[in-house]
Amino acid sequence: MRAELTRLRDSIDNIDAAVVHMLAERFKCTQQVGVLKAEHQLPPADPAREARQIARLRELAESAKLDPAFAEKLLNFIIAEVIRHHETIADGTR
Ligand SMILES: C=C(O[C@@H]1C=C(C(=O)O)C=C[C@H]1O)C(=O)O
């Protein structure tokens, strides 16, 4: 039982590391989008784009057997942080 638990926890640790690295890459991209938006006086949030992303992610979640409501909550949580960053970038360029 111990060996099995250790094996599973090792995999969980690897997956958590991958999630952190992927999120870091995503935030690098969204920071650049924030700079572009600030330069062109575009609003920090784009609700139409968000609606498309959420619909897409819910479909992906369903086919991956992940709860779509959880996937939506997670994406909304991440997007809220991105919008906060974009507001900070815009404030700095005004
Ligand atoms: C990154 C953008 O800015 C915001 C953040 C988004 C995201 O984190 O995916 C999506 C839409 C916008 O509300 C964007 O407009 O593409």
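Rules behind the numbers
- Residues numbered from 1 in each chain as written.
- Predicted model: local features only at pLDDT ≥ 70, side-chain atom pairs only at ≥ 80, totals over all residues.
- Heavy atoms only, no water.
- Helix = DSSP H or I, 4+ residues; strand = E, 2+ residues; numbered from the N terminus.
- Rg over C-alpha atoms; globule rule 2.2 N^0.38 Å.
- Buried < 20%, exposed > 50% of the residue type's maximum accessible area, 1.4 Å probe, protein only.
- Contact = heavy atoms within 4.5 Å.
- Areas by Shrake-Rupley, 256 points an atom, 1.4 Å probe, with all protein chains shown as cover.
- Salt bridge = Lys/Arg side-chain N within 4 Å of Asp/Glu carboxyl O.
- Patch = residues over 30% accessible without salt bridge, like charges linked within 9 Å, V, L, I, M, F, W, Y side chains within 5 Å.

Student: With reference to specific residues and values, describe the overall build of the chain.
Tutor: What the chain contains, in helices and strands, is three helices and zero strands. Secondary structure elements in the chain, listed N-terminal to C-terminal, are α-α-α. A compact globule built from 94 residues should have a C-alpha radius of gyration of about 12 Å, whereas the chain, at 17 Å, is more than 25% larger. Dimensions of the chain, computed from the C-alpha atoms along their principal axes, are close to 60 × 25 × 15 Å. Counting every position in the chain, which comprises 94 residues, the buried fraction comes to 19%. Of the contacts formed within the chain by residues at least 6 apart in sequence, a portion of 62% connects residues at least 24 apart. Carbon and sulfur atoms make up 62% of the accessible area of the chain, which totals about 7400 Å².

Student: An account of unusual backbone geometry is needed here, citing residue identities and associated values.
Tutor: Positive phi is not limited to glycine here, since Gln41 has a value of about 50 degrees. Inspection of the secondary structure puts Gln41 in the loop between α1 (2-39) and α2 (47-63). Look at Gln41 and you get exposed, because its relative accessible area is 69%.

Student: Hey, could you go over the pattern of salt bridges for me, with residue numbers and the actual values?
Tutor: A complete count under the given rule lists four salt bridges for this structure. For Glu4, the salt bridge identified is with Arg7, shortest N-O distance 3.2 Å. Residue Glu4 and its partner Arg7 are located together in helix α1, separated by three residues, close to a single helical turn. Note on Glu4: relative accessible area 42%, which makes it partly exposed. Given a relative accessible area of 46%, Arg7 falls into the partly exposed group. Ionic pairing is found between Glu25 and Lys28, a salt bridge with its closest N-O pair at 2.9 Å. With Glu25 and Lys28 both in helix α1 and three residues apart, the pair spans about one turn of that helix. A relative accessible area of 44% means that Glu25 is categorised as partly exposed.

Student: Give me a nonpolar patch on the surface: which residues, what numbers.
Tutor: A grouping of Ile15, Val19, Met22 and Leu23 is seen on the molecular surface, where their side chains present a nonpolar patch of about 350 Å² in accessible area. Residue position: Ile15 is located in helix α1.

Worth remembering: the numbers are spatial, not functional.
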